[in-house]
Amino acid sequence: MSSDADIRAILTSVKTIAVVGWSPKPDRPSHGVAAFLKRRGYRVIPVNPGQAGQAALGETVAATLAEAVAKVGPVDMIDIFRRSEEAGAVADEAVRLGAKVVWMQLGVEDEAAASRARAAGLQVVMNRCPAIEIPRLGL
């Protein structure tokens, strides 16, 4: 479980966030959270293979996390909007690509993946939403 101090440190230090599982549909949580983060001044890179090449949030949607990093350079935080059973592969890719933080959204938990990411030096947050944590912490 991440402490408020840990979450505050993450959210005040990261600048670029890849949202894996971003949706172009305004009623989807991934869309709303990505837009919220963009409004708060983060650079948000949408990742969705079905929308690759489209423009969103002032960026080009990437098909994969690796493609996002290849196009924009290092990404500080990976915000995972995928089912828990798919989160491990994303977390492992985040490690390979040099991310600093793996953030698994509400309802997304994979303790084995979290352990692997932590062992590689990444910070991990699970079952939380930055769009909830930012106002809650007064950031």
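Preceding this paragraph is the structure being described.
Residues numbered from 1 in each chain as written. Predicted model: local features only at pLDDT ≥ 70, side-chain atom pairs only at ≥ 80, totals over all residues. Heavy atoms only, no water.

1. Here we look at the nonpolar core
Turning to step 1, where the next piece is worked out: Grouped together as the largest cluster of nonpolar side chains are 25 residues, with contacts concentrated most on I78, V102 and M104.
Turning to step 2, where the next piece is worked out: Listing elements by their share of this core, those giving two or more residues are β1 (16–20), β2 (43–47), α3 (65–72), β5 (77–80), α4 (84–96), β6 (101–104) and α5 (111–119).
Turning to step 3, where the next piece is worked out: With four residues, α4 is the largest single contributor of residues to this core.
Turning to step 4, where the next piece is worked out: With near-sequence residues (within four places) excluded, I78 lies in contact with A18, V20, L65, V90, A94, A99, V101, V102 and W103.
Turning to step 5, where the next piece is worked out: Within the second largest apolar cluster, 24 residues are counted, among which are V19, W22, A56 and L137. (Core = buried A, V, L, I, M, F, W, Y, C linked by side-chain atoms within 4.5 Å. Buried < 20%, exposed > 50% of the residue type's maximum accessible area, 1.4 Å probe, protein only. Helix = DSSP H or I, 4+ residues; strand = E, 2+ residues; numbered from the N terminus. Contact = heavy atoms within 4.5 Å.)

2. Considerations on the packing of α4 against α5
Turning to step 1, where the next piece is worked out: The geometry of α4 relative to α5 is characterised by a closest axis approach of 9 Å and an angle of 5° between their N-to-C directions. Looking at the two axes, α4 sits roughly parallel to α5. Contact with α4, carried on its side by G88, A91, D92 and V95, involves A113, R116 and A117 of α5 and no other residues of that element.
Turning to step 2, where the next piece is worked out: Taken together, the residues of the contact of α4 with α5 break down into four nonpolar, one polar and two charged. (Axes fitted to C-alpha atoms, helices over the stretch in contact; angles between N-to-C directions. Parallel < 35°, antiparallel > 145°, perpendicular 65-115°, else oblique. Nonpolar A, V, L, I, M, F, W, Y, C, P; charged D, E, K, R; others polar.)

3. Concerning the sheet that holds β1
Turning to step 1, where the next piece is worked out: Pairing is parallel across the open sheet formed by five strands, whose spatial order is β2-β1-β5-β6-β7. The open sheet has two free edges, formed respectively by β2 and β7 (123–125), since each of these has just one partner strand. In this sheet, neighbouring strand axes are inclined to one another by 20° on average, regardless of whether the strands run parallel or antiparallel.
Turning to step 2, where the next piece is worked out: Of the pairings in the sheet, the one linking β6 to β7 comprises three bridges and is parallel in character. Within the sheet, the bridge partner assigned to V102 lies in β7 and is V124. (Pairing = 2+ DSSP bridges.)

4. Overview of the side chain of S2
Turning to step 1, where the next piece is worked out: Mapped onto the elements, S2 comes out in the segment before α1 (4–13).
Turning to step 2, where the next piece is worked out: In this structure the side chain of S2 is engaged in a polar contact, spanning 3.1 Å, whose partner is the backbone oxygen of V124.
Turning to step 3, where the next piece is worked out: S2 has contacts with I7, V124, V125 and R128, leaving out every residue within four places of it along the chain. (Polar contact = N/O pair within 3.5 Å; in protein donor to acceptor, adjacent residues only side chain to side chain.)

5. Considering the pairing of β6
Turning to step 1, where the next piece is worked out: Of the two faces of β6, both are covered, the one formed by V101 and W103 as well as the one formed by V102 and M104.
Turning to step 2, where the next piece is worked out: In this sheet, β6 lies alongside β5 in parallel orientation, the contact comprising four bridges. By the bridge assignment for β6, D79 is matched with W103.
Turning to step 3, where the next piece is worked out: With α4 bridging β5 and the parallel β6, this β-α-β connection has right-handed handedness.
Turning to step 4, where the next piece is worked out: Crossover β6 to β7 through α5 is right-handed. (Right-handed = clockwise from strand over helix to strand, strands pointing away.)

6. As for the pairing of β1
Within a regular strand, side chains alternate between the sheet's two faces.
Turning to step 1, where the next piece is worked out: Burial analysis of β1 places five of its five residues in the buried class, which makes it a mostly covered element.
Turning to step 2, where the next piece is worked out: A two-sided burial pattern is seen for β1, the buried positions comprising T16, A18 and V20 on one face and I17 and V19 on the other.
Turning to step 3, where the next piece is worked out: The pairing of β1 with β2 spans five bridges and is parallel. Bridge assignment links T16 to a residue of β2, and that residue is R43.
Turning to step 4, where the next piece is worked out: Taking the sense of rotation as the criterion, the β-α-β connection linking β1, helix α2 (residues 29–39) and β2 turns out right-handed.
Turning to step 5, where the next piece is worked out: In this structure, β1 lies alongside β5, joined through four bridges in parallel fashion. Of the residues in β5, the one forming a bridge with I17 is M77.

Structural measurements only, silent on function.
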